[in-house]
Amino acid sequence: MVLALTVCGIVVALVVAGLFVFGLRRRLIQRSGGTFDCSLRWEAPETAGDSGGKGWAYGVARYNGDRVEWYRVFSYAPRPRRVLERSAIEVAGRRLPEGEEELALLSDAVILACLHRGTRLELAMSEDALTGFLAWLEAAPPGQRVNVA
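A brief report on the enclosed structure follows.

What counts and how
Residues numbered from 1 in each chain as written. Predicted model: local features only at pLDDT ≥ 70, side-chain atom pairs only at ≥ 80, totals over all residues. Heavy atoms only, no water. Helix = DSSP H or I, 4+ residues; strand = E, 2+ residues; numbered from the N terminus. Rg over C-alpha atoms; globule rule 2.2 N^0.38 Å. Buried < 20%, exposed > 50% of the residue type's maximum accessible area, 1.4 Å probe, protein only. Contact = heavy atoms within 4.5 Å. Patch = residues over 30% accessible without salt bridge, like charges linked within 9 Å, V, L, I, M, F, W, Y side chains within 5 Å. Areas by Shrake-Rupley, 256 points an atom, 1.4 Å probe, with all protein chains shown as cover. Salt bridge = Lys/Arg side-chain N within 4 Å of Asp/Glu carboxyl O. Core = buried A, V, L, I, M, F, W, Y, C linked by side-chain atoms within 4.5 Å.

### A closer look at the overall build of the protein
- Tallying secondary structure elements over the protein gives 3 helices and 8 strands in all.
- Counting from the amino terminus, helix and strand elements in the protein follow one another as α-β-β-β-β-β-β-α-β-β-α.
- Compactness check: the protein gives a C-alpha radius of gyration of 19 Å against a globular reference of 15 Å for 149 residues, more than 25% above the reference.
- Overall, the C-alpha framework of the protein stretches about 70 × 35 × 25 Å when taken along its three principal axes.
- Looking at the 149 residues of the protein, the share that counts as buried comes to 37%.
- Across the protein, every contact between residues at least 6 apart in sequence was considered, and the portion connecting residues at least 24 apart equals 52%.

### Points about a nonpolar patch on the surface
- Taken together, the side chains of Leu3, Val7, Val11, Val15 and Leu19 make up a nonpolar region of the molecular surface, amounting to roughly 480 Å² of accessible area.
- In this fold, Val15 is placed in helix α1 (residues 2-31).

### What to know about the environment of Val16
- Within the element layout of this structure, Val16 appears in helix α1.
- On a C-alpha basis, the gap between Val16 and Ala44 in space is 36 Å, while along the polypeptide they are 28 residues apart.

### Quick look at the nonpolar core
- In terms of nonpolar packing, the biggest core is built from 22 residues, with Leu123, Met125 and Phe133 touching the most fellow members.
- Elements supplying a minimum of two residues to this core: β4 (67-72), β6 (89-95), β7 (110-116), β8 (119-125) and α3 (127-138).
- The leading source of residues in this core is α3, at 6 residues.
- With sequence-adjacent residues up to four places away left out, Leu123 is seen in contact with Cys38, Ser39, Leu40, Trp56, Leu84, Val110, Ile111, Leu112, Cys114 and Phe133.

Written as structure tokens, this is what we have:
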């Protein structure tokens, strides 16, 4: 009986510690500011209905100079999962979620289709975050090419 209670106590302590580290990581990512909620679909299909809402990962994006660093929300990794360089992003278009995508994404999401170094990706974010993202893209230093559709 004592052994069972000790094991349960250790399991509860590990779960609480895991949740604490999880929250601390999110706080550290957002500490420097310039963050926004952003779902990402890497190597997205050519047409919107092909995947049926699959492949989306919920995350937080952070502006860092001429890069956007994207972190998975449900991860303990201290480094960004993807790094998008401003000079390599080409915007192909925008659309609203369709079908099962509406269930996979936040309710107010707008999807931005992009190319990054030849890889097709889609970013889903709120309308306000999209306005800020497009303004960040267009605010590139003189001499850099920016492809915004």
